[in-house]
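Chain by chain, the residues:
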Amino acid sequence: MKLGLDEEVGDAIGILTITPSEGVIIAADIATKAASVDIGFLDRFGGSLVIVGDVASVEASLGAVLDYFDTVLRYALVEMTRS
């Protein structure tokens, strides 16, 4: 609720912060095509993206985003964490 998401959006959230911020549009596109997730929040100026869905879908979509940004765009990445 504090994030502005209702309780019915899913069991998990995935959070990305991308610099330069334009990359967040690419990340949102990849994430929503890779798995059954929804965009909870997208800030194209700050580079923040929140995706929501079930745990497996959120992990799959984040993995697809990280893979694309690593292999195609050659971004410097940090390891995905889970809590």
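Residues numbered from 1 in each chain as written. Predicted model: local features only at pLDDT ≥ 70, side-chain atom pairs only at ≥ 80, totals over all residues. Heavy atoms only, no water.

**Quick word on a nonpolar patch on the surface**
No. 1: On the surface, a cluster of nonpolar side chains totalling about 230 Å² of accessible area is made up of Ile26, Tyr68 and Val72.
No. 2: Mapped onto the elements of the fold, Ile26 is located in helix 1 (residues 23-34). (Patch = residues over 30% accessible without salt bridge, like charges linked within 9 Å, V, L, I, M, F, W, Y side chains within 5 Å. Areas by Shrake-Rupley, 256 points an atom, 1.4 Å probe, with all protein chains shown as cover. Salt bridge = Lys/Arg side-chain N within 4 Å of Asp/Glu carboxyl O. Helix = DSSP H or I, 4+ residues; strand = E, 2+ residues; numbered from the N terminus.)

**Let's talk about the layout of surface pockets**
No. 1: Empty space within the largest pocket amounts to approximately 650 Å³.
No. 2: Taken together, the elements giving at least two residues each to the lining of the largest pocket come down to strand 1 (12-17) and helix 2 (55-71).
No. 3: Per-element accounting of the lining of the largest pocket gives the leading share, seven residues, to helix 2.
No. 4: For the lining of the largest pocket, the per-class residue count stands at 16 nonpolar, five polar and three charged. (1 Å grid on protein atoms, 1.4 Å probe; cavity = no way out; pocket = protein on both sides within 12 Å on 5 of 7 lines; lining within 4 Å. Points joined across faces, edges and corners; volume = space filled by probe spheres on them. Nonpolar A, V, L, I, M, F, W, Y, C, P; charged D, E, K, R; others polar.)

**Let's talk about helix 2**
No. 1: With 17 residues, helix 2 extends 24 Å from end C-alpha to end C-alpha; this agrees with the ideal 24 Å at 1.5 Å per step.
No. 2: For helix 2, the set of buried residues is Ser57, Val58, Ser61, Leu62, Val65 and Phe69. Buried residues along helix 2 cover an arc of 125° about the axis, so they all sit on one side.
No. 3: Among the structural elements, strand 1, helix 1 and strand 3 (48-53) are those in contact with the buried residues of helix 2.
No. 4: The opening residue of helix 2 is Asp54, an N-cap whose side-chain oxygen sits 3.2 Å from the backbone nitrogen of Ala56. (Expected span 1.5 Å × (residues − 1). Buried < 20%, exposed > 50% of the residue type's maximum accessible area, 1.4 Å probe, protein only. Arc of directions from axis to C-beta. Contact = heavy atoms within 4.5 Å. Polar contact = N/O pair within 3.5 Å; in protein donor to acceptor, adjacent residues only side chain to side chain.)

**Looking at the packing of helix 1 against helix 2**
No. 1: It is the contact of helix 1 with helix 2, at a shortest axis distance of 8 Å, that shows an interaxial angle of 130°. With respect to helix 2, the element helix 1 is oriented oblique. Judged by the sense of rotation from one axis to the other, the crossing of helix 1 with helix 2 is right-handed. Counting all contacts with helix 1, which are made through Gly23, Ile26, Ala27, Ile30, Ala31 and Ala34, the residues of helix 2 involved are Ser61, Ala64, Val65, Tyr68 and Phe69. (Axes fitted to C-alpha atoms, helices over the stretch in contact; angles between N-to-C directions. Parallel < 35°, antiparallel > 145°, perpendicular 65-115°, else oblique. Left-handed = near helix turned anticlockwise from the far one by under 90°.)

**A look at helix 1**
No. 1: End to end, helix 1 covers 16 Å across 12 residues, agreeing with the expected 16 Å (1.5 Å per residue, within 8%).
No. 2: Turning to helix 1, its buried residues number three or more, namely Gly23, Val24, Ala27, Ala28, Ile30 and Ala31.

**Looking at the nonpolar core**
No. 1: Core analysis: the biggest nonpolar cluster contains 15 residues, and Leu16, Ala27, Leu49, Ile51, Val58, Val65 and Phe69 have the highest contact counts within it.
No. 2: Where this core is concerned, the elements lending two or more residues are strand 1, helix 1, strand 3 and helix 2.
No. 3: Considering each element in turn, this core owes the most residues, five residues, to helix 1.
No. 4: Residue contacts for Leu16: discarding those within four places in its chain leaves Ala27, Gly47, Ser48, Leu49, Leu62 and Val65. (Core = buried A, V, L, I, M, F, W, Y, C linked by side-chain atoms within 4.5 Å.)

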